[in-house]
Amino acid sequence: MFALGEQVFGGFGTDVVGAIAYSAIGIALMVLGFFIVDWLTPGKLGELIWTHRNRNASLLLSSNLIGVGLIVVGAIWASEGNLVEGVVSTFVFGVIGLGAMAVAFLILDAITPGKLGALVVDEEPHPAVWVSSAMHLALGGVIAMALS
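Anyway, here's the lowdown on the structure attached to this text. (Residues numbered from 1 in each chain as written. Predicted model: local features only at pLDDT ≥ 70, side-chain atom pairs only at ≥ 80, totals over all residues. Heavy atoms only, no water.)

**Considering the side chain of His136**
Working step 1: Among the secondary structure elements, His136 is positioned in helix α7 (residues 127-146).
Working step 2: A polar atom in the side chain of His136 sits 3.4 Å from the side chain of Asn64.
Working step 3: Other than its neighbours up to four places away in sequence, His136 contacts Leu60, Ser63, Asn64, Gly67, Met101 and Phe105. (Helix = DSSP H or I, 4+ residues; strand = E, 2+ residues; numbered from the N terminus. Polar contact = N/O pair within 3.5 Å; in protein donor to acceptor, adjacent residues only side chain to side chain. Contact = heavy atoms within 4.5 Å.)

Here's what the structure looks like:
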């Protein structure tokens, strides 16, 4: 398939196939990230964000999605033009990153007062959500750099 794209369009064809492949993996990882955050927090995440306009839930999910985006960018950068290796490493490191974010959320919840999941769904903005969000972004960056 990759050779066909290169024969028909040259390097441009390979770039198009790569963009489609990385986009598909990135979207799949972001959807998985959505479900993980939904699982870790009480209530229905989609309803909290889109119906109730909950800022805490929006911030946590946004940081998760940006963290996944950092991992995808890191995987593309580290692949140095090797599309198959890049796509596989994007998926593998993306799953590792999502797992790390979930574990870090649970650890932070265990070592701090209250229930972090309950704070995320609270209608009032809470600083603890910023801490958890920063952790998601930092872990995305760490995993992205582990690729280099």
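**Some points on the nonpolar core**
Working step 1: Of all hydrophobic cores here, the largest spans 31 residues; its most connected members are Leu29, Leu45, Ala57, Leu60, Phe105 and Val120.
Working step 2: Mapped onto this core, the elements with two or more residues apiece are α2 (11-40), α3 (45-51), α4 (55-79), α5 (83-111), α6 (116-121) and α7.
Working step 3: With eight residues, the top contributor of residues to this core is α5.
Working step 4: Ignoring anything within four residues of it in the chain, the contact list for Val120 reads Thr41, Asn54, Asn56, Ala57, Leu60, Phe105 and Val129. (Core = buried A, V, L, I, M, F, W, Y, C linked by side-chain atoms within 4.5 Å. Buried < 20%, exposed > 50% of the residue type's maximum accessible area, 1.4 Å probe, protein only.)

**Some thoughts on α5**
Working step 1: With 29 residues, α5 should cover 42 Å at 1.5 Å per step; its first-to-last C-alpha distance of 41 Å lies within 8% of that length.
Working step 2: The N-cap residue of α5 is Asn82: its side-chain oxygen and the backbone nitrogen of Val84 are 3.5 Å apart. (Expected span 1.5 Å × (residues − 1).)

**Describing the packing of α4 against α7**
Working step 1: Interhelical geometry of α4 versus α7 gives an angle of 5° and a closest axis separation of 7 Å. As judged from the angle between their axes, α4 and α7 are roughly parallel. Across the interface between the two elements, Asn56, Leu59, Leu60, Ser63, Asn64, Ile66, Gly67, Leu70, Ile71 and Gly74 of α4 pack against Val129, Trp130, Ser132, Ser133, His136, Leu137, Gly140, Gly141, Ile143 and Ala144 of α7.
Working step 2: Here the residues of the contact of α4 with α7 sort into 10 nonpolar, 10 polar and no charged. (Axes fitted to C-alpha atoms, helices over the stretch in contact; angles between N-to-C directions. Parallel < 35°, antiparallel > 145°, perpendicular 65-115°, else oblique. Nonpolar A, V, L, I, M, F, W, Y, C, P; charged D, E, K, R; others polar.)

**As for α4**
Working step 1: For α4, spanning 25 residues, the distance from its first C-alpha to its last is 36 Å, which sits close to the expected 36 Å at 1.5 Å a residue.
Working step 2: Of the residues trailing α4, Glu80 is marked for its positive phi of about 50°.

**What about a nonpolar patch on the surface?**
Working step 1: Together, Leu32, Val84, Val88, Phe91, Val92, Val95 and Ile96 make up an exposed nonpolar region whose accessible area comes to about 560 Å².
Working step 2: With six residues, the top contributor of residues to the nonpolar patch is α5.
Working step 3: Tracing the sequence through the fold places Phe91 in helix α5. (Patch = residues over 30% accessible without salt bridge, like charges linked within 9 Å, V, L, I, M, F, W, Y side chains within 5 Å. Areas by Shrake-Rupley, 256 points an atom, 1.4 Å probe, with all protein chains shown as cover. Salt bridge = Lys/Arg side-chain N within 4 Å of Asp/Glu carboxyl O.)

**Focus on the packing of aromatic side chains**
Working step 1: This model, assessed by the stated rule, comprises one aromatic pair.
Working step 2: When the centroid spacing of 5.6 Å and the interplanar angle of 85° are considered together, the rings of Phe34 and Phe35 count as edge-to-face. (Phe/Tyr/Trp six-rings, centres within 6.5 Å; stacked < 30°, edge-to-face > 60°.)

**Some points on the packing of α4 against α5**
Each pair of packed helices gets described by two things: the angle between the helix axes and the distance between those axes.
Working step 1: Two elements in contact, α4 and α5, have axes whose closest approach is 9 Å; the angle formed by their N-to-C orientations is 150°. Taken together, the axis directions place α4 and α5 in an arrangement best described as roughly antiparallel. Crossing of α4 over α5 shows right-handed handedness. Facing Leu60, Asn64, Gly67, Val68, Ile71, Val72, Ala75 and Ser79 of α4, the residues of α5 in contact are Gly86, Ser89, Thr90, Phe93, Gly94, Gly97, Leu98, Met101 and Phe105.
Working step 2: Here the residues of the contact of α4 with α5 sort into nine nonpolar, eight polar and no charged. (Left-handed = near helix turned anticlockwise from the far one by under 90°.)

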